[in-house]
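Observations on chain architecture
Chain by chain, the residues run as shown.
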Amino acid sequence: MADATAQAATRGALIKLLFFAATLAILPISSYFISLKHIWAGNTNYAAITAICAANFVLVVYIIMSVMEDRQSLKEIEEKKLSDSKKDR
Amino acid sequence: MSSELCPPYAPFFGFAGVASAMIFSTMGAAFGTAKSGIGIAGVGTFKPELIMKAIPVVMAGIIAVYGLVVSVLIAGSLHPSNDYPLAAGFIHLGAGMSCGITGIAAGYAIGLIGDSCVRAYVHEQRVFVAMVLILIFAEVLGLYGLIVALLMNTRATTIGGC
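Presented here is an overview of the structure given in this document.

What counts and what doesn't
- Residues numbered from 1 in each chain as written.
- Chains lettered and ligands numbered in written order.
- Predicted model: local features only at pLDDT ≥ 70, side-chain atom pairs only at ≥ 80, totals over all residues.
- Heavy atoms only, no water.
- Helix = DSSP H or I, 4+ residues; strand = E, 2+ residues; numbered from the N terminus.
- Rg over C-alpha atoms; globule rule 2.2 N^0.38 Å.
- Buried < 20%, exposed > 50% of the residue type's maximum accessible area, 1.4 Å probe, protein only.
- Contact = heavy atoms within 4.5 Å.
- Areas by Shrake-Rupley, 256 points an atom, 1.4 Å probe, with all protein chains shown as cover.
- Lys, Arg positive; Asp, Glu negative; His and termini not counted.
- Charge placed at Lys NZ, Arg CZ, Asp CG, Glu CD.
- Axes fitted to C-alpha atoms, helices over the stretch in contact; angles between N-to-C directions.
- Parallel < 35°, antiparallel > 145°, perpendicular 65-115°, else oblique.
- Nonpolar A, V, L, I, M, F, W, Y, C, P; charged D, E, K, R; others polar.
- Buried area = accessible area lost by both parts, 1.4 Å probe.
- Salt bridge = Lys/Arg side-chain N within 4 Å of Asp/Glu carboxyl O.

What follows concerns the overall build of chain B. Regarding its fold elements, chain B presents four helices and zero strands. When the helices and strands of chain B are placed in sequence order, the string is α-α-α-α. Its C-alpha radius of gyration of 19 Å places chain B more than 25% over the 15 Å reference for a compact globule of 162 residues. Sorting the 162 residues of chain B into buried and exposed places 47% on the buried side. Considering only residue pairs separated by 6 or more positions, chain B has 89% of its internal contacts joining residues 24 or more positions apart. In the form shown here, chain B has an accessible surface area of approximately 7400 Å², with 75% of it arising from carbon and sulfur atoms. Distance between charge centroids for chain B: 15 Å, based on 6 positive and 6 negative side chains.

Listed below in structure tokens is the structure:
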């Protein structure tokens, strides 16, 4: 039983990592070209700044998600401790 | 159609700038990813749930993204069939090298920081905030190189013809 949950947890983490890898690969360069064509009308400097902001945005989302995961796992450990102490009674 | 100011070997320097931006920043990102990946693999044997703490790996990847953006930026303003001033070639070479070699510096720092901080995170949870702060300082080294590359590239577009 614990093996299945461990497997599910690692699969969820793997999917998250793959999603972030794909986003980091695709988002900055696509935002460069799209913003170059449609938003900045050929100004390459602004398009490069847009791409850099997109890449750093992905990084910030990753950091926030890892902090949230930290808090959630801490809460799960607290709940498990509570349920274990209740079982002992 | 070459002259003194637009010799035929001028595109060599421009394209060397494009290549060096990508090559050197990828070298830095590779070192950062590998070194911090070793640390994360070492942590993963004790606590597999810390896999999402692979923040140094993502930051090293962003260093490579900086090099990619500068390469695309410089390559976008290269038209070898037209006249290409040698001065513009030198400027593009400088821009590419500034972004690339600062990427090596940033990637090196990220690798060492990521390795030791991820290992320390196993024992002490509060190292996390310090790790992110120090990694951000290492990341902005690559960002400074990119800003200088952008500045230089702006100069190259204002050079007149031959």
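Next up on the list: the packing of helix H2 (residues 55–76) of chain B against helix H3 (residues 86–123) of chain B. Residue and element names in this part refer to chain B. One way to put it is that H2 packs onto H3 with a least axis distance of 8 Å and a crossing angle of 175°. Relative to H3, H2 is oriented roughly antiparallel. Note on element contacts: H3 touches H2 through His-92, Ala-95, Gly-96, Cys-99, Gly-103, Ala-106, Ile-110, Gly-114 and Val-118, opposite Pro-56, Met-59, Ala-60, Ile-63, Tyr-66, Gly-67, Val-70 and Ile-74. A breakdown of the residues in the contact of H2 with H3 according to their chemical character gives twelve nonpolar, five polar and no charged.

With 24 residues of chain A in contact, the opposing surface of chain B contributes 26 residues. Counting the surface lost from both chain A and chain B, the interface buries some 2100 Å², and carbon and sulfur atoms represent 77% of this. On the chain A side of the interface with chain B, the three residues burying the most area are Ile-52, Leu-59 and Tyr-62 of chain A, jointly 25% of the side's total. Where chain A touches chain B, the interface holds zero salt bridges.

For Ala-41 of chain A, which is not glycine, the phi dihedral falls at a positive 55°. The residue Ala-41 of chain A is located in the loop between helix H1 (2–39) and helix H2 (44–88) in this model.

We now examine the packing of helix H1 (residues 10–44) of chain B against H2 of chain B. All names here are of chain B. Relative orientation of the contacting elements H1 and H2 amounts to 175°, with a least axis distance of 8 Å. Considering the angle they form, H1 stands roughly antiparallel to H2. On H2, the residues touching Gly-14, Gly-17, Val-18, Ala-21, Met-22, Ser-25, Ala-29, Gly-32, Thr-33, Ser-36 and Ile-40 of H1 are Pro-56, Val-57, Ala-60, Ile-63, Ala-64, Gly-67, Leu-68, Val-70, Ser-71, Ile-74 and Ala-75. In terms of residue class, the contact of H1 with H2 is made up of 14 nonpolar, eight polar and no charged.

The next thing to look at is the environment of Phe-90 of chain B. Residue and element names in this part refer to chain B. Tracing the chain through its elements places Phe-90 in helix H3. On the basis of relative accessibility, which here comes to 44%, the residue Phe-90 falls in the partly exposed class. With eleven residues separating them in the primary sequence, Phe-90 and His-79 have C-alpha atoms 15 Å apart.

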